[in-house]
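Given next are the chains, with one letter for each unit.
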Amino acid sequence: MESQLSILLPVAAVWLAAGVVADGLPRLRNTRMLRRRTGWLLVLALTGVALTAAVLGGGLFSAGTAPIDRAAAGLILAAGPALVAAVCSVRRIRRLWAGAGAFVSAPAAPAPHGLRAAAAHPLVGLPLQVTALATVPALIAAAGADLGADPGVTGPAITVGALAVIAIGVRHALRHNRLAERAQPAVARSTRAAGALHV
């Protein structure tokens, strides 16, 4: 069990760190900090994808009773969100990092609302945070507790997990919409007097 836990802990720690960094990106108001944190997030996301793929791949080639095989079985739940993170999140994070790099000549410039809205997009942080959340059952099982053994625990655990995912998604969507509205150009008002009707 200890070796299985030692395999899963780095994977879960990387995804948790990526989720925390992604959650803080929209709050950054300086382009230098936004670019730096986006670079960290890109490294963390790529590392998380690589570690997850390595554990799952190692489980495919193991004998079936090795710790890597048990760790891979625990990470099956995290495989889906990790794939979404690899396909969607990494590409968006790379574009965000390049967009923040356009302000490298003015590092003290405030981060525009458009970049902050892109950083708050649900496909940036949500897959990372859901993957981190999906590693929790594997860690609990590796620590010695079996959630699937008691039906009275499994149902509420699934419900709590689903509600947590919905809450995270709604939070990301609301924050993204608020920042996207601020990024819209102001509507030009008509110069004609809004009073008497001109015939």
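Residues numbered from 1 in each chain as written. Predicted model: local features only at pLDDT ≥ 70, side-chain atom pairs only at ≥ 80, totals over all residues. Heavy atoms only, no water.

Please clarify how helix H6 (residues 122-142) should be interpreted in this entry.
Because the α-helix completes a turn every 3.6 residues, residues three or four places apart line up on one side. The terminal C-alpha atoms of H6, which comprises 21 residues, lie 30 Å apart, in line with the 30 Å expected from a rise of 1.5 Å per residue. The first or second residue beyond H6 is Gly-144, which carries a positive phi of 120°. (Helix = DSSP H or I, 4+ residues; strand = E, 2+ residues; numbered from the N terminus. Expected span 1.5 Å × (residues − 1).)

How should the packing of helix H2 (residues 31-60) against helix H4 (residues 76-101) be read in this particular structure?
Packed helices, taken two at a time, are described by the angle between their axes plus the distance between the axes. At their nearest, the axes of H2 and H4 sit 9 Å apart, and the two run at 155° to each other. The orientation of H2 with respect to H4, classified from their angle, is roughly antiparallel. When you trace H2 past H4, the crossing you get is left-handed. On H4, the residues that touch Thr-31, Leu-34, Arg-35, Thr-38, Gly-39, Leu-41, Leu-42, Ala-45, Leu-46, Val-49, Thr-52 and Leu-56 of H2 are Ile-76, Ala-79, Ala-82, Ala-86, Val-90, Ile-93, Arg-94, Leu-96, Trp-97, Ala-98, Ala-100 and Gly-101. (Axes fitted to C-alpha atoms, helices over the stretch in contact; angles between N-to-C directions. Parallel < 35°, antiparallel > 145°, perpendicular 65-115°, else oblique. Left-handed = near helix turned anticlockwise from the far one by under 90°. Contact = heavy atoms within 4.5 Å.)

Explain the environment of Val-130 to me, please; I cannot follow it from the model alone.
Relative to the assigned elements, Val-130 resides in helix H6. Along the chain, Val-130 and Ala-162 lie 32 residues apart, while their C-alpha atoms are 9.9 Å from each other. If we skip the residues at most four places from it in the chain, Val-130 touches Pro-81 and Val-165.

Sorry if this is basic, but what is going on with helix H3 (residues 67-74) here?
Of the residues making up H3, those classed as buried are Asp-69, Ala-71 and Ala-72. Along the long axis of H3, the arc covered by the buried residues comes to 160°, so they all point the same way. (Buried < 20%, exposed > 50% of the residue type's maximum accessible area, 1.4 Å probe, protein only. Arc of directions from axis to C-beta.)

What am I meant to see in the side chain of Arg-116 here?
Tracing the chain through its elements places Arg-116 in helix H5 (residues 113-119). Sequence-distant contacts of Arg-116, that is, excluding residues within four places in its chain, are made with Pro-26, Arg-27, Leu-28, Arg-29, Ala-111 and Leu-179.

Would you mind showing me how to read the nonpolar core here?
In summary, soluble globular proteins display a tendency toward joint burial of nonpolar side chains. Core analysis: the largest hydrophobic core is formed by 36 residues, its most contacted members being Leu-8, Trp-15, Leu-25, Leu-34, Leu-41, Ile-93 and Leu-128. When residues of this core are traced back to their parent elements, those giving at least two are helix H1 (2-24), H2, H3, H4, H5 and H6. Broken down by element, the residue count for this core peaks at eight residues, all from H1. For Leu-25, the contacting residues outside a window of four places in its chain are Leu-34, Arg-37, Thr-38, Leu-41, Leu-96 and Ala-119. (Core = buried A, V, L, I, M, F, W, Y, C linked by side-chain atoms within 4.5 Å.)

Sorry if this is basic, but what is going on with the packing of aromatic side chains here?
Describing an aromatic ring pair means giving the distance of the ring centres and the angle of the ring planes. Under the definition given, this model contains zero aromatic pairs. Just above the ring of Trp-97 sits the side chain of Arg-35; from NZ or CZ to the centre is 4.0 Å. (Phe/Tyr/Trp six-rings, centres within 6.5 Å; stacked < 30°, edge-to-face > 60°. Lys NZ or Arg CZ within 6 Å of the ring centre and 35° of its normal.)

Can you help me understand the packing of H2 against H3 in this one?
Look at H2 against H3: their axes get within 8 Å of each other, and the N-to-C directions meet at 120°. When the axis of H2 is compared with that of H3, the two are oblique. Crossing geometry of H2 relative to H3 is assigned as left-handed. Here Val-55, Leu-56, Gly-58 and Gly-59 of H2 come into contact with H3, specifically with Ile-68, Asp-69, Ala-71 and Ala-72.

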